[in-house]
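Letter by letter, the chains look like this.
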Amino acid sequence: MTDTKTLIDWADKHLMTTAKRAPVVLVRGDGARVWDSDGKEYLDFTGGIAVTALGHSHPKVVGTMREQAATLLHVSNLFYIPQQTQLAKLLCDHSFADRVFFSNSGAEANESAIKLARKWAKEHGASDRGDIITMRGGFHGRTLATVTATAQEKYHHGFEPLPGGFKYVPFNDLRAVERAIDSHTAAVMVEPIQGEGGINIPDDGYLPGLRKLCDEAGILLVLDEIQTGMERTGRLWGYEHSGIEPDIMTLAKALANGVPIGATLATESVASAFTPGTHGSTFGGNPFVTAVGLTVFTTLMEERLPERAAASGRLLRDQLEAVRGRHPKAATAVRGRGLLVLSAGDNTLRLAPPLITDEATLRRGVEIIDQVLSGFVK
């Protein structure tokens, strides 16, 4: 087996440097734990950036992957795919949506949402109606369109000229959105809780207020639930905390527990703007990934993980508030719903452990954070 130093040297030489990697080579995982190439054990509170909701090597997920890979890995969307159909039905049965488009990532799901919103707006308005209003501090992806939708200039630098058609307003500011809406606006796009921007939670009236503004203007409300969806906040979908429903919602990350997938959900009236040939994906929704997604979604529901996520979130917040009290200079606030170690924004520690994580593991994770902060600020 190739040694750790050699693997790191090869990676530094041959991989494009788009990420600052920790000097750790992870080779195995089980539940909420992972092991590196030197045999050292870690508690994984990153969850692959909120992806591995069922943890590593979940037996049901592993079983589905083996069975489906040995049966039928890929066909095109020119044919009906039973697993894709079943997963789409489950998503619709448990959400506001009537139809689903499957892709391969969160960025692609948001690209699809942008295209769908613009096409719908042109069919229900005017040919110059296509602007999308997004929020400062938000994050929607790394493609040219979604990085432009991401209203953070640090992600734009060096990629100009960026595509047009986006307006930026402050997060959690309804008046700013109201002022930005005009005859060219197609949709408002927002995360129910900003993830990459620093775990920013809006006021209770924010999403209902956006829904009202969109209805009054005859435009669409698009919710990016790539991080907040799939029970990460203690509810199946983040929008359920607000009592409203979107016109379009995007998913990815935890939907297949690490197998690449994206999904764009919409109401019937909005989805009808996509007709044969207007959009597509070669790999999106193939038998393998949707079989895994079907297993993941079914397992989340059967094991009542929304309730567990909510309880775990309360435990983590209580424990972290105690840590903050002991280290007020190093930790100034605890924010989150459910379970969201990663960085977010400039100075935020983001937690996204698997939803299956037990209480003892959560407490141990907080102990480690406490120990680190003890040596951070005196």
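Residues numbered from 1 in each chain as written. Predicted model: local features only at pLDDT ≥ 70, side-chain atom pairs only at ≥ 80, totals over all residues. Heavy atoms only, no water.

Caption draft 1: Structural context of the sheet that holds strand β7 (residues 185–190). Here we have seven strands laid out as an open sheet, ordered β4-β10-β9-β8-β7-β5-β6, and mixed in their pairing. The strands lining the two open edges of the sheet, one partner per strand, are β4 (99–103) and β6 (166–169). Mean inter-strand twist for the sheet, computed between neighbouring axes without regard to direction, equals 20°. For strand β5 (residues 131–135) and β7, the ladder comprises three bridges, and the chain directions are parallel. Residue pairing in the sheet places I133 in a bridge with V188 of β7. (Pairing = 2+ DSSP bridges. Helix = DSSP H or I, 4+ residues; strand = E, 2+ residues; numbered from the N terminus. Axes fitted to C-alpha atoms, helices over the stretch in contact; angles between N-to-C directions.)

Caption draft 2: Region of interest: the packing of aromatic side chains. Here the structure, examined in full by the defined rule, presents four aromatic pairs. Ring centres of F96 and Y239 lie 5.9 Å apart, and the angle between their planes is 80°; on these two criteria the pair is classed as edge-to-face. One end of the pair, F96, is in the loop between α4 (82–93) and β4; the other, Y239, is in the loop between β8 (220–224) and β9 (248–251), with 143 residues separating them in the sequence. Between F171 and Y206 the ring centres are 5.3 Å apart and the planes differ by 70°, which places this aromatic pair in the edge-to-face class. With F171 in the loop between β6 and α7 (174–180) and Y206 in helix α8 (residues 206–217), the pair connects residues that are 35 residues apart, well separated along the chain. Just above the ring of W35 sits the side chain of R28; from NZ or CZ to the centre is 4.0 Å. (Phe/Tyr/Trp six-rings, centres within 6.5 Å; stacked < 30°, edge-to-face > 60°. Lys NZ or Arg CZ within 6 Å of the ring centre and 35° of its normal.)

Caption draft 3: Structural context of the side chain of Q84. Among the secondary structure elements, Q84 is positioned in helix α4. Here N77 takes part through its side chain, which lies 2.9 Å from a polar atom of the side chain of Q84. In contact with Q84, other than residues within four places in its own chain, are N77, F102, G284, G285 and T290. (Polar contact = N/O pair within 3.5 Å; in protein donor to acceptor, adjacent residues only side chain to side chain. Contact = heavy atoms within 4.5 Å.)

Caption draft 4: Focus on the pairing of strand β1 (residues 26–30). Bridge count for β1 against strand β2 (residues 33–36) is four bridges, and the pairing is antiparallel. Opposite D30, over in β2, you have R33 as the bridge partner. Linkage of β1 to β2, two consecutive antiparallel strands, is achieved through a turn of two residues, within which G31 is found at a positive phi near 65°.

Caption draft 5: Representation of helix α12 (residues 359–374) within the structure. The end-to-end C-alpha distance of α12 is 23 Å, a good match for the 22 Å that 16 residues give at a rise of 1.5 Å each. Looking at α12, one finds that the buried residues are T361, L362, G365, V366, I369, D370 and L373. (Expected span 1.5 Å × (residues − 1). Buried < 20%, exposed > 50% of the residue type's maximum accessible area, 1.4 Å probe, protein only.)

Caption draft 6: Structural context of the packing of helix α3 (residues 59–69) against helix α10 (residues 287–302). Where α3 meets α10, the closest approach of the two axes is 9 Å, and the angle between their N-to-C directions is 155°. Between α3 and α10, the angle falls in the class roughly antiparallel. The crossing of α3 and α10 is right-handed. Contact residues: K60, V61, T64, M65, Q68 and A69 in α3; P287, F288, A291, V292, T295, V296, T299 and E302 in α10. A per-class count over the contact of α3 with α10 returns eight nonpolar, four polar and two charged. (Parallel < 35°, antiparallel > 145°, perpendicular 65-115°, else oblique. Left-handed = near helix turned anticlockwise from the far one by under 90°. Nonpolar A, V, L, I, M, F, W, Y, C, P; charged D, E, K, R; others polar.)

Caption draft 7: Quick peek at the nonpolar core. Counting 52 residues, the largest nonpolar core has L91, M135, V188, V190 and W237 as the members making the most contacts within it. It is α10 that contributes the most residues to this core, seven residues altogether. Leave out the neighbours within four places in its chain, and V188 touches I133, M135, V177, L210, C214, I219, L220, L221 and V222. (Core = buried A, V, L, I, M, F, W, Y, C linked by side-chain atoms within 4.5 Å.)

Caption draft 8: Region of interest: the packing of α4 against α10. It is at 8 Å that the axes of α4 and α10 come closest, and there the two elements cross at 35°. Here α4 and α10 pass one another in a crossing that is left-handed. Between α4 and α10, the contacting residues are Q83, Q84, Q86, L87, L90 and L91 on the first element and P287, T290, A291, G293, L294, F297 and T298 on the second. Within the contact of α4 with α10, the residues separate by chemical class into seven nonpolar, six polar and no charged.

Caption draft 9: Just the pairing of β7, in detail. Across the six residues that make up β7, a large majority, six, are buried. The pairing of β7 with β8 spans four bridges and is parallel. Looking at the pairing, V190 lines up with L223 of β8. Following the chain from β7 across α8 to the adjacent parallel β8, one finds a crossover that is right-handed. (Right-handed = clockwise from strand over helix to strand, strands pointing away.)

Caption draft 10: Expanded view of the side chain of T150. For T150, the position within the fold is in the loop between α6 (144–149) and β6. Polar side-chain contacts of T150 include one of 2.8 Å to the backbone nitrogen of H140. Non-local contacts of T150, meaning those with residues more than four positions away in its chain, are made with G138, F139, H140, G141, Y155, H156 and Y168.

Caption draft 11: Broad picture of the sheet that holds β1. Strand order in the open sheet made by the three strands is β1-β2-β3, with antiparallel pairing throughout. The open sheet has two free edges, formed respectively by β1 and β3 (41–43), since each of these has just one partner strand. Direction aside, neighbouring strands of the sheet carry axes that sit 30° apart on average.

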